[in-house]
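So the chains spell out like this:
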Amino acid sequence: MPRPIEAIIHQPALAHNLAVARRHAPDAKVWAVIKANAYGHGIENAFDGVRSADGLAMIDLDEAQRVRALGWRGPVLLLEGCFEQRDLELCSRLKLWHAVHCEEQVDWLAMHKTHEPHRVFLKLNSGMNRLGFSPQAFRAAWARLNALPQVDEISLMTHFSDADSERLGADGIAHQLAAFQAVAGDLPGERSLANSAATLRHTARVGGDWVRCGIMSYGGVPDFPEHDAAYWDLKPAMTLRSKIIGTQDLQAGDTVGYGSSFTAQGPKRIGIVACGYADGYPRHVPHGSPILVDGVRTTTVGRVSMDMLAVDLDALPNAGFGSEVTLWGNGPHGSVLPIDEVARAAGTIGYELMCALARRVPVSVEHLS
Ligand SMILES: *Cc1c(COP(=O)(O)O)cnc(C)c1O
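Residue numbers here run from 1 along each chain, matching the order of that chain's written sequence. Totals for whole chains, interfaces and linings use all residues, but because this is a predicted model, local features are given only for residues with pLDDT of at least 70 and pairs of side-chain atoms are given and counted only at 80 or more. Side-chain measures here rest on the full set of heavy atoms in the structure, leaving out hydrogens and waters.

Attention now goes to the pattern of salt bridges. The working definition used for a salt bridge is a side-chain nitrogen of Lys or Arg within 4 Å of a carboxyl oxygen of Asp or Glu. Scanning the model with the defined rule gives 24 salt bridges in all. Of the charged contacts in the structure, one is a salt bridge between Arg-3 and Asp-279, with a shortest N-O distance of 2.9 Å. Placement of the pair is Arg-3 in the segment before strand S1 (6-10) and Asp-279 in the loop between strand S15 (268-273) and strand S16 (290-293), with a sequence separation of 276 residues. Accessibility here uses a 1.4 Å probe with only protein chains present; expressed as a share of the type maximum, an area under 20% marks a residue as buried, one over 50% as exposed, and anything in between as partly exposed. Classification of Arg-3 by relative accessible area gives partly exposed; the value is 31%. When its relative accessible area of 0% is taken as the criterion, Asp-279 is described as buried. Here Lys-268 and Asp-314 are joined by a salt bridge, their closest N and O atoms 2.9 Å apart. Of this pair, Lys-268 sits in strand S15 while Asp-314 sits in the loop between strand S18 (309-312) and strand S19 (324-330), and the two are 46 residues apart along the sequence. Secondary structure elements follow DSSP: runs of H or I of four or more residues count as helices, runs of E of two or more count as strands, with numbering from the N terminus.

This next bit is on the environment of Thr-114. Mapped onto the fold, Thr-114 is located in the loop between helix H6 (103-111) and strand S6 (118-123). Of the residues examined, Thr-114 reaches a relative accessible area of 26% and is grouped as partly exposed. Residues Thr-114 and Glu-89 lie 25 residues apart in sequence; the distance between their C-alpha atoms is 7.9 Å. Each polar contact in these results corresponds to two N or O atoms within 3.5 Å; when the atoms are within protein, one needs to be able to donate a hydrogen and the other to accept it, and residues that are neighboring in sequence are counted only if both atoms are side-chain atoms. Reaching out from Thr-114, the side chain makes a polar contact with the side chain of Ser-92 at a distance of 3.2 Å. Separated by 2.9 Å, the side chain of Thr-114 and the backbone nitrogen of Glu-116 make a polar contact.

Here we come to a nonpolar patch on the surface. The grouping of Ile-245, Met-308 and Phe-321 at the surface amounts to a nonpolar patch, some 320 Å² of accessible area in total. Within the element layout of this structure, Met-308 appears in the loop between strand S17 (296-301) and S18. When its relative accessible area of 36% is taken as the criterion, Met-308 is described as partly exposed. Residues with no salt bridge and a relative accessible area higher than 30% make up the patches, which join like charges within 9 Å and nonpolar side chains (Val, Leu, Ile, Met, Phe, Trp, Tyr) within 5 Å. Every accessible area reported is derived by Shrake-Rupley at a probe size of 1.4 Å, with residue values counting cover from the shown protein chains alone.

The near set for a molecule or strand comprises every residue that places at least one heavy atom within 4 Å of it. Contacts to the ligand come from Val-33, Lys-35, Tyr-39, Leu-79, Lys-123, His-159, Asn-195, Ser-196, Arg-212, Gly-214, Ile-215 and Tyr-351. Contact between the ligand and Ile-215: an oxygen atom at 2.7 Å from a main-chain N or O atom of the residue. Tyr-351 has a polar side-chain atom sitting 2.6 Å from an oxygen atom of the ligand. A total of 390 Å² of accessible area belongs to the ligand in isolation, and the protein chains cover 93% of it. Classes in brief: Ala, Val, Leu, Ile, Met, Phe, Trp, Tyr, Cys and Pro nonpolar; Asp, Glu, Lys and Arg charged; the others, Gly included, polar. In the shell around the ligand, the residues fall into five nonpolar, four polar and three charged.

Moving on to the packing of aromatic side chains. Two rings from Phe, Tyr or Trp (for Trp, the six-membered ring) form a pair when their centres sit within 6.5 Å of each other. Planes less than 30 degrees apart are called stacked, planes more than 60 degrees apart edge-to-face, and all others tilted. The final tally for this structure, using the stated rule, is 10 aromatic pairs. A centroid spacing of 4.8 Å and a plane angle of 85° characterise the contact between Tyr-231 and Trp-232, whose relative ring orientation is edge-to-face. For the ring pair Tyr-281 and Trp-328, a centre distance of 6.2 Å and an interplane angle of 10° mean the geometry is stacked. A residue pair is termed long-range when its members are at least 10 positions apart, and Tyr-281 in the loop between S15 and S16 and Trp-328 in strand S19 qualify at 47 residues. Each member of the pair, Tyr-281 as well as Trp-328, is classed as buried. Every member of this aromatic cluster is reached through a ring pair, and the members are Trp-31, Trp-97, Phe-121 and Trp-210. Cation placement over rings: the criterion is NZ of Lys or CZ of Arg within 6 Å of the ring centroid and within 35° of the ring normal. Across from the ring centre of Trp-97, 4.1 Å away, lies the NZ or CZ of Arg-119, which sits over that ring.

Purely geometric stuff here, so don't read any function into it on its own.
Structure below.
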């Protein structure tokens, strides 16, 4: 018997969530962002679920190669572009579209020998100050690209820092939207501005020809806890589940786990779950964090260790050895534990938990019917 832990990737949920993106941005094409191995879901596992997107966007070139190997002939966008000049050869060969965010990338294109002119997404730094040309340099970069025979189409992109919230007490996107319009408003070409948060909260204002949907495709909520998955009609694309492999009956004064951080005040029954931080479950989840046993909400007890954690069974007299435990995602009888809730308890975001699913966890796929 392998350890009872497993992850399940729900392709129907991926397709559903992309349909939600389309509802919010009916006039735009949708990039499913599948960087970081499809946010930890596995590109090959997620693939059939994201085929309904208009394009697939990622960071790593090997991920672009993998989707071409899976038979994807549609648009592929490298969100950070090339990392060295010879990456352009792969772009030519596999017809990859790529971001251009700095002068070096323009220099490489100018030196690139190809019969296949490239489509590029010229990136403006509208205020996030991560990648992109400054507003002062943007139009010169556009003109340089426009003069290159290696380039046949220039699209325009930028990225919001605060589409999920406010910024410095004011609207989160207004300043960046204004910066984009001021610098690029009159330039031709398709636009891609919105990530998941902007797609859900701001599409009417942001517009654009392409939205870039990462977290929402996987059922994660970019503006949790202001809104939750039910509010946005998003479904979990990943379930992490395991089983209870032992139980303990505590008496007053007994402690649980490393550091004895939890002390029982009276009699208490706990279950020991085959899941720990070496599976990707966050060690920083504090005592009392949400978890499902047999589809019923209960709480974690004490500290998470490498291979195990404890759960409170006081309210679950019928639960015990072999009971199903849902760490996040879909539980039995229609129950759901949103990954956002676990992430919040651990002081992080759903993105990080998905991406950190450990290699040792066996993964199965719920296929699109
Ligand atoms: C990761 C990424 C996205 C997707 O962001 P989500 O918040 O997951 O929707 C969009 N655009 C760029 C440039 C990214 O790097």
